Every structure is written in structure tokens, then in C-alpha cells.
Amino acid sequence: MRIAVVGAGAAGCFCAAALGRRLPGAEVVVFEGGRKPLAKVAITGGGRCNFTNTFEGIDRLEEAYPRGARLMKRALMRFSQEDTRLWFEREGVPSVVMDDGCVFPQSQDAMDIVRALERAMRAAGVKVRCGHRVSSIKDLGDRFRISFEGLEETLEADKVVVTTGGSPTPAGLSMLAGLDLETVAPVPSLFTFNIGDEALKTLMGTVVTDALLGLAGTGFKAQGALLVTDWGVSGPAVLKLSSYAARHLSENGYKGTLNISWLGTANEGECMAAVKEMASSEPRKLLVSTAPEGLSGRLWRHLAARAGLRDDLRWAELGQRGAARLTATLACDAYPITGRCRFKDEFVTCGGISLSEVSLNTLESKKHPGLHFAGEVLDVDAITGGFNLQAAWSMAYAVAEAISSTCNGDGGGACRRISS
Ligand SMILES: Cc1cc2nc3c(=O)[nH]c(=O)nc-3n(C[C@H](O)[C@H](O)[C@H](O)COP(=O)(O)OP(=O)(O)OC[C@H]3O[C@@H](n4cnc5c(N)ncnc54)[C@H](O)[C@@H]3O)c2cc1C
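Numbers given for residues are sequential positions, taken from 1 along each chain in its written order. Where local features are concerned, this predicted model is filtered to residues with pLDDT of at least 70; where side-chain atom pairs are given and counted, the filter is 80 or more; whole-chain, interface and lining totals use all residues. To get the side-chain values, take all heavy atoms of the structure and skip hydrogens and water.

### Focus on helix H12 (residues 387–406)
For step 1, the next point in the chain: Relative to the 28 Å expected for 20 residues at 1.5 Å per residue, H12 spans 29 Å between its end C-alpha atoms, a close match to the ideal helical length.
For step 2, the next point in the chain: Counting buried positions along H12 gives 18 out of 20 residues, so the element sits mostly inside the fold. The way it works is that DSSP assigns letters per residue, a run of H or I at least four long becomes a helix, a run of E at least two long becomes a strand, and they are numbered from the N terminus. For a helix, the expected span equals 1.5 Å multiplied by the number of residues minus one. Each residue's exposure class comes from its accessible area (1.4 Å probe, protein chains only) as a fraction of the maximum for that residue type: buried when under 20%, exposed when over 50%, partly exposed otherwise.

### Notes on the domain arrangement of the chain
For step 1, the next point in the chain: In this document the domain limits rely on a domain assignment from an automatic tool or a database. Taken domain by domain, the chain holds domain 1 (2–188 + 349–406) and domain 2 (191–345).
For step 2, the next point in the chain: Computed from C-alpha coordinates alone, the two centres of domain 1 and domain 2 are separated by 39 Å.
For step 3, the next point in the chain: Each partner contributes residues to the interface: domain 1 has 14 residues there, and domain 2 has 10 residues.
For step 4, the next point in the chain: When two components associate, each loses some accessible surface as probed by a 1.4 Å sphere; the sum of these losses over both components is called the buried area. For the pairing of domain 1 and domain 2, the buried interface totals around 850 Å² over both sides, and the portion due to carbon and sulfur atoms is 56%. Throughout, a residue-residue contact means that at least one pair of heavy atoms, one from each residue, lies within 4.5 Å.

### Observations regarding the state of the cysteines
Defined simply, a disulfide is a covalent bond joining two cysteines at their sulfur atoms.
For step 1, the next point in the chain: In plain terms, two cysteine sulfur atoms within 2.5 Å form what is called a disulfide here. The full count for this structure, using the stated rule, is 0 disulfides.
For step 2, the next point in the chain: The closest cysteine sulfur to the non-disulfide-bonded Cys49 is located on Cys102, 11 Å from its own sulfur.
For step 3, the next point in the chain: What makes Cys49 buried here is its relative accessible area of 0%.

### Quick word on the sheet that holds strand S7 (residues 134–139)
For step 1, the next point in the chain: Sheet architecture is open: 3 strands sit in the order S7-S8-S9, paired in antiparallel fashion. The strands lining the two open edges of the sheet, one partner per strand, are S7 and strand S9 (154–157). Direction aside, neighbouring strands of the sheet carry axes that sit 20 degrees apart on average. Pairing between strands is defined by DSSP: at least two bridges between them are needed. Angles shown run from 0 to 180 degrees and are taken between the N-to-C directions of axes, each axis being a line fitted to C-alpha atoms and, for helices, limited to the stretch in contact.

### As for the site of the ligand
For step 1, the next point in the chain: Think of it this way: one heavy atom of a residue within 4 Å of a molecule or strand is enough to make that residue near it. Residues in close proximity to the ligand total 30 residues, the closest being Ala11, Glu32, Asn50, Glu376 and Leu389.
For step 2, the next point in the chain: One nitrogen or oxygen atom from the main chain of Leu389 is found 2.8 Å from an oxygen atom belonging to the ligand.
For step 3, the next point in the chain: Each accessible area is a Shrake-Rupley estimate made with a 1.4 Å probe; only the visible protein chains count as cover when residues are assessed. When the ligand sits alone it has 990 Å² of accessible area, and the protein chains cover 89% of it.
For step 4, the next point in the chain: For the shell around the ligand, the secondary structure elements donating two or more residues are helix H1 (10–22), strand S2 (27–32) and H12.
For step 5, the next point in the chain: The leading source of residues in the shell around the ligand is H12, at 3 residues.
For step 6, the next point in the chain: Here the nonpolar group is Ala, Val, Leu, Ile, Met, Phe, Trp, Tyr, Cys and Pro; Asp, Glu, Lys and Arg are the charged ones; every other residue, Gly included, is treated as polar. Across the shell around the ligand, the residue classes tally to 12 nonpolar, 13 polar and 5 charged. Polar contact criterion, stated in full: a pair of N or O atoms within 3.5 Å, where within protein one must be able to donate a hydrogen and the other to accept it, and residues adjacent in sequence count only if both atoms are side-chain atoms.

Structure representation (C-alpha cells):
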């Protein structure tokens, strides 16, 4: 039996290694369009590779996976975040957990993850063919024919696993044309916002550890650290909001209004209580000289100015109207989003092969038994923090398990092509 894996990224290499181990009699070949396998994994997490997360603080999987939470619930039951850490530990890559639950190799070197996967594939007898960009996959009924860009040769395989990752344009899925698969239009996720407010941008470098962000006129909200940049805003809370609202923002040309609750709560009563507390404890002090906890002096002066309060105002002189304006600014400060930032950052694709096309347990095509998908090529994506790579490992494992369970007990020498 021959199993072709298309794409030597996180999902493809993990799946190929697992297949090679489970089915020693099968020929497992990975076709990679680029010059080397795992090129993206090598640069993940800024070269440190945040390869999973403890999931602490994630109450509902939808918080981590805005697309694909149902699928991920099943996939994580088969191969969890603990399984991931254990798997890499056994492959010689011990890990460390950061305060925010992100998990990295102890060496803080993404190449350790790359080398572990390469070793595992080699040991399992997997062949990797780089420079082989797949241009089409045809269903011949009892097997598949694979064609390559710029190459005469074609190849037939009993099973095909598509792990070509996310693509910000529909062209990335063109090799699947002819298979009549429904796709969800791909749009970018995990980006930072350009903000049309020059005064805010002068605060570049300012960090607020706990801000609550919302997109005006929508229910999209995200909480966490916020960083002011020279183009607008960045940081975990912004990336999370961009993930939750990826499609909405795309449809609205990346324009909208960002509401910032600077104290981490949009509850006006709580903000008013904080203002009153400061006013009563330091009545003789200048208002601009005593910032609430968590806000820098520079940012506090900016907020006081936005609330229309004079620099020389003392807390005792704030009055009810001043307190109400300051409270409104702290609880819901609105800034125009003028676009998305197009450089740096980890970004992933929202969209891809529709989940209605696959069995959620085996990730096998309902229309083309024997054809499986794993990773970002499916309409599954996550917020930052190691959840995207965990999705790749868990889905790849589910596919390897599904394929090996449909094969005869001869180690994969022969294989039934059955629908799941
Ligand atoms: C800069 C950056 C940093 C990131 N950091 C993190 C992080 O720290 N933690 C985290 O969880 N996630 C991170 N991510 C996201 C994560 O890398 C991806 O979600 C993950 O790699 C997806 O795995 P995949 O196997 O589905 O796709 P990929 O890893 O993208 O692999 C797909 C492979 O398929 C190949 N391919 C595509 N089309 C073809 C074709 N037609 N024929 C043959 N080969 C093809 C590609 O060349 C590629 O090698 C980061 C992303 C970026 C861009």
C-alpha cells in the first residue's frame, strides 16, 4: 500500500511519522513543494516554537478555536496537549511551560522540534520528496492519481493525506479542483490593527497588561495585554480579537471602531468606583499625577486629555460631570481601525476545506473515501499561544489512527478502501 502525504509541514510530517510507525509494510511518501520540510515550524514562536499550550484558563474550546472547536474536541480526546508534550519528550525534546500556559522546547529552539520530526520520519522509513508541488489529485475510484507542477511524472496512491496548510488566497486549494469539495473563502487571521489616531500612536511602547477590547456594533470581545505601536495597537488581546472577528473584519475592509476598556472591565459602575476611590484617597493631588494601577503616567495623561480634563485639575475639583467623562473614557474609549497591519506577526488562515466535507472523527472526505485532510488546510484555526500547532498534531494523529485502522493486520501491506 502507498500513502501519499501532500505538504511537509507540522501536520504532514507528524502524520507521516505516525503512519510509518503504525504501518511498517506501507510506503509512506511526503511531497513538499518547497526546498525543505518544516520550513514554517522552524520560524514559529519567533524561532522558539510555541508547540502547544496547557489550555489552563480556556473554559470553552471556542475561546481557543473560533473555527473548528467541535472537531478539535474530538481530536484532542485522541491526542491531547499532554500527549504532545510526552511525544516530544520521548523524542528527546523536553519542554517548559510559561506563566501564560504556552509550552516551548526547554532549549527555546524551534529546530529541536524540526529535528525530532525529521528523526521520527527517518526512523519510520518515511520518504520525503522536496521540490514536488502537487498540482492535482484525481480520484480514480479505487486509488488516487497525483500530478506535480512542472513534472511529467504522476504517482498513484491508495490513500492521500492533504496537509498543505493555510493559504490566504483560494489558489492554494486549486490542486483539489475537480474533487467537488466545498471550501470556506480563506481570509487572514491573527493580525494587528492600524489605528487612525495620531495622539495614541505617540504612546508607542506603552503596555497595558489587562485591557478589554471590543469591536463596536458587534459582539466580538477579547481580553488581555495590549501594546501601543507606531501604527496602532498590537499584543495578545488584539491578536485574539482579530481571530474572533477575522471574517467580519475582512468583509468590512478592515475598518471599524475599536472600543478599549483600559481597566479590563467595560462595567461603568466598576470604573466609576475606581475613579471615586482615587478622588477620595488623594483629593489634593493633581489628577494627571496619579494613574490607576496598570496604566502608565503617559497613557493616563492621554486619557485625561481625551476626557477633556485640564492638566492642572486636582482630584477634589473633578466634580460629577468630570468623573462621568473620565469613567466613560476608561470603560469605553473608541478609536478608528483604519486597516490591518501586513507585516511581522504569526498569521494563520481562517477558512479552507469546509468541515462539512469530512467526518469529524477520521477527517476523511465524505465524497472521496481514502482522501484525508489535517491541519490548517481545513477550516480550523486558533488564537495565538500554541493552539494552532496543537491542532496540527491532534488532527494528524486522528488521520494516522483512522488510516491504520482501515488497513489489514499485515502492517499495511494491503489496505481496504472503506468509507468511515
Ligand atoms: C511566523 C509564524 C509563526 C507561528 N508561530 C506559531 C507558534 O509559535 N505556535 C503555534 O501554535 N502556531 C504558530 N504559527 C501557526 C502554525 O505555524 C501553523 O498553524 C501550522 O504550521 C499549520 O500546520 P500545517 O501542517 O497545517 O501547515 P504548514 O506547517 O504551513 O505546512 C504546509 C506545508 O505544505 C506545503 N505545501 C503547500 N502546498 C503544497 C502543494 N501543492 N504541494 C506540496 N506541498 C505543498 C508547504 O510548503 C508547507 O511546507 C505560526 C505561523 C507563522 C506564519
